[in-house]
Amino acid sequence: MAVKKIIPVGDVELEGPSALTPKPVSLSESTEIDEVYTTWRNRSNEQVMFPLDMADLPVVIGQDRQLFVDNYIIADTQNVIREVHQPRRYDGNPVLAPPGPKPDTVGEMCLLHFDTAPHFRMWYTSYVGHHPWKNGQEIRQAVSYAVSDDGRHWQKPVLDLYQIEGSRERNFVIPYGIIQGLFYDSWESDPQKRFKAILSVERKEQGERVVDTYYVHTSPDGIHWNGDFSYPTLQKLRGYTLPQGGIGDTSLFWYDPMRRKYVGDIKFVLPGKQRCRGVIESDDLVHWSRPTPTMFERADDAQVYGHCSCVYQGMYLGFRWIFLPDYSRRHSSYVELDCSRDGHVWTRVGAGQPFMAFNPNHDTWDATIMRPQAVLEVGDEVWIYYMGAPTEIELNNPDLPSAVCIEDVGFSCGLATVKRDRFASINAGEQVGTVITRPLDFKNGALHLNAQIAKGGEINVAVLTRDAQPIAPWTIESCSALHGDSIDMPVSWRDESKLTELNDSSVRLQFDLRSAKLFSFWID
């Protein structure tokens, strides 16, 4: 019997005893939507995305703090678990609210922190309705501007640049659009374009939508803006097909200082109206990379409605909005944490543990809608600004404060804070738990921990060779046990307070924990 040979040649598969008969195939492979769902969903599973055992391969660490949000630097563990920690919501929330019910709102927002006053500046979607525009058209939404000295107490400056009938706001800076990305480019050679923004713009004519797409805007000061409507930078989503005809309405754009790229954290809606996310990049806000899928919710009854991401300590942290379609009529969503080492592969942190959870009492304005929009490092804390609003569940609750019990109320802005690095921890109970790192290459310096140790607990640290043998004088036995609760705990040993003569020597660290939570470590 002749042996069948199959030899791939480009997009042509040659099949037959002599492999001489070409079999033409399509330029695009066929896809089944269930396979697309599964593939997209598994991209958030760290074990799937990183199948190689890296336990014995060295990794270079600088002076950035090393977080335990993923398994990147971990070689081995015993008797420990990972816990996601929820931020503390500011008692004075909301920090910025609309003056009344819709069409006024404090929706999609961008925040920047400056060294000069005003130190905190916010641009936010402040009007949700249509209003008259040029040539008999109507245009939708508007963008306003707010400032703060401390990030908690905000003022709306009286600008009177634009007026929109039906709104009491006097701080409009762009009389249309949803603000979905804002950048301050200090290196921009044209001072008239130091500030840049991406807006989603929708226009109607005689009730029919004529424009619904994304445009770049520029400004010298963040207040006086110019929009270029000659050609869109990206198209808006139309239909739930594959390939997608554009990107969705919760897409967020930000600048990545590590890779020096503008990044689009974009919304897709696959056939079956399944919301998920992808990422695109650009050097100039005009030419964009092909999108890469990033996340699809693991549970069949939930979807990824949005995602906010940021650079943090040499890596990336993300906050995904988990939408439960059947929970309420107003797109209820809580928040889960994820992370990335390259900005393309985003893996879940403590899968299933909420970072910002629903309030089961439903007696607060943000009980069931939380959508992080911006993340700032302020002193020894990380500040997360989010948009939220009550659903019908809260509005029907007599315990909801009357100040926010307004029918058809718009969104407001809330603030949640977390101590430095305390997003997730490695925990051990009364039985000693151990974490051993991969071989680490670093420069000599002092070792510090961010840890929370219960009464009667302790943490001890040792330095090991690449083959996990202890190195004197940095042994567990000679370590000065750490106690208490601090974001900065210096580690010392009986005869040594620093890691010396270990430059780029590929040594491991061993952490022994008892009744303790370890958030991060660093060497400086």
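To be clear, the structure that these remarks concern was listed above.
These figures come from a predicted structure and were not determined experimentally.

Visitor: Quick question: what am I supposed to make of unusual backbone geometry here?
Guide: What you tend to see is this: most non-glycine residues have negative phi, and most peptide bonds are trans. In this chain, Asn93 is followed by Pro94 through a cis amide linkage whose omega measures -5 degrees. Looking at the secondary structure, you find Pro94 in the loop between strand 8 (88-89) and strand 9 (109-113). Omega for the peptide link from Leu242 to Pro243 comes to 5 degrees, which places this bond in the cis form. Positionally, Pro243 belongs in the loop between strand 18 (234-235) and strand 19 (252-256). Positive phi, normally seen in glycine, also occurs at Asn79, with a value near 60 degrees. Within the secondary structure, Asn79 sits in the loop between strand 6 (74-78) and strand 7 (81-84). The exposure class assigned to Asn79 is partly exposed, which follows from its relative accessible area of 44%. Of note, Asn135 is a non-glycine position whose phi angle comes to about 55 degrees, a positive value. Note on placement: Asn135 falls in the loop between strand 10 (120-132) and strand 11 (138-148). Judged by its relative accessible area of 74%, Asn135 is exposed.

Visitor: How should I be thinking about a nonpolar patch on the surface in this particular structure?
Guide: A surface patch of nonpolar side chains, about 260 Å² in accessible area, is lined by Leu52, Met54 and Leu57. Relative to the helices and strands, Leu52 is located in the loop between helix 2 (46-49) and strand 4 (59-60). Among the residues examined, Leu52 registers a relative accessible area of 57% and is labelled exposed.

Visitor: How should the environment of Trp154 be read in this particular structure?
Guide: Relative to the helices and strands, Trp154 is located in strand 12 (residues 154-155). Taking relative accessible area as the criterion, Trp154 reaches 11% and is therefore assigned buried. Other than its neighbours up to four places away in sequence, Trp154 contacts Val95, Leu96, Leu111, Phe120, Arg121, Met122, Ala146, Val147, Ser148 and Tyr385. Polar contacts involving the side chain of Trp154 include one to the main-chain carbonyl oxygen of Gly151, which spans 3.1 Å.

Visitor: Looking at this model, I keep getting lost on the pattern of salt bridges. Mind explaining?
Guide: Should the charged atoms of two oppositely charged side chains come close, the side chains can pair. Applying the stated criterion across every chain yields a total of 27 salt bridges. Lys517 is the salt-bridge partner of Glu83, the closest N and O atoms lying 3.1 Å from each other. Within this pair, whereas Glu83 is found in strand 7, its partner Lys517 is found in strand 36 (residues 508-523), the two being separated by 434 residues in sequence. Here Asp265 and Arg277 are joined by a salt bridge, their closest N and O atoms 3.1 Å apart. Highlighted residues: Asp265 in strand 20 (residues 261-270) and Arg277 in strand 21 (residues 274-282), separated in sequence by twelve residues. In this structure, Asp265 and Arg277 share a single accessibility class: buried.

Visitor: Sorry, what's going on with the environment of Gln353 here?
Guide: Structurally, Gln353 is set in the loop between strand 26 (347-348) and strand 27 (354-356). Residues Gln353 and Glu83, 270 residues apart in the sequence, show an inter-C-alpha distance of 7.8 Å. Once residues lying within four places of it in the same chain are set aside, the contact partners of Gln353 are Arg82, Glu83, Val84 and Glu336. From its side chain, Gln353 meets the backbone nitrogen of Val84 in a polar contact 2.9 Å long.

Visitor: Honestly, the sheet that holds strand 28 (residues 371-378) in this entry has me stumped. Any pointers?
Guide: Backbone-to-backbone hydrogen bonds pair the strands of a sheet. The strands run either parallel or antiparallel. Reading across from one edge, 8-30-29-28 is the order of the four strands in this open sheet, with antiparallel pairing throughout. The open sheet has two free edges, formed respectively by strand 8 and strand 28, since each of these has just one partner strand.

Visitor: Looking at this structure, I do not really get the packing of aromatic side chains. What am I missing?
Guide: For any pair of aromatic rings, the description consists of the separation of the ring centres together with the inter-plane angle of the planes. Under the definition given, this model contains 31 aromatic pairs. An angle of 40 degrees between the planes, with centres 4.7 Å apart, marks the rings of Tyr215 and Phe229 as tilted. One end of the pair, Tyr215, is in strand 16 (residues 208-219); the other, Phe229, is in the loop between strand 17 (226-227) and strand 18, and 14 residues separate them in sequence. Centroid distance Trp365 to Tyr386: 5.9 Å. Interplanar angle 10 degrees. Geometry classified as stacked. Residue Trp365 is located in the loop between strand 27 and strand 28, and its partner Tyr386 is located in strand 29 (residues 381-388); the two are separated by 21 residues in the primary sequence. Using a relative accessible area of 8% as the deciding quantity, one classes Trp365 as buried.

Visitor: What's the story with helix 1 (residues 33-41) in this structure? I'm lost.
Guide: Side chains of residues three or four places apart in an α-helix project in the same direction, reflecting 3.6 residues per turn. Listing the buried residues of helix 1 in full gives Val36, Tyr37, Trp40 and Arg41. Projected down its long axis, helix 1 shows its buried positions confined to an angular sector of 125 degrees, all on one face. Summarising the geometry of helix 1, the exposed residues directed more than 90 degrees from the buried face are Asp34, Glu35 and Thr39. Buried residues along helix 1 sit in contact with strand 20, strand 21, strand 22 (292-295) and strand 26.

About the cut-offs
Residues numbered from 1 in each chain as written. Predicted model: local features only at pLDDT ≥ 70, side-chain atom pairs only at ≥ 80, totals over all residues. Heavy atoms only, no water. Helix = DSSP H or I, 4+ residues; strand = E, 2+ residues; numbered from the N terminus. Buried < 20%, exposed > 50% of the residue type's maximum accessible area, 1.4 Å probe, protein only. Patch = residues over 30% accessible without salt bridge, like charges linked within 9 Å, V, L, I, M, F, W, Y side chains within 5 Å. Areas by Shrake-Rupley, 256 points an atom, 1.4 Å probe, with all protein chains shown as cover. Salt bridge = Lys/Arg side-chain N within 4 Å of Asp/Glu carboxyl O. Contact = heavy atoms within 4.5 Å. Polar contact = N/O pair within 3.5 Å; in protein donor to acceptor, adjacent residues only side chain to side chain. Pairing = 2+ DSSP bridges. Phe/Tyr/Trp six-rings, centres within 6.5 Å; stacked < 30°, edge-to-face > 60°. Arc of directions from axis to C-beta.

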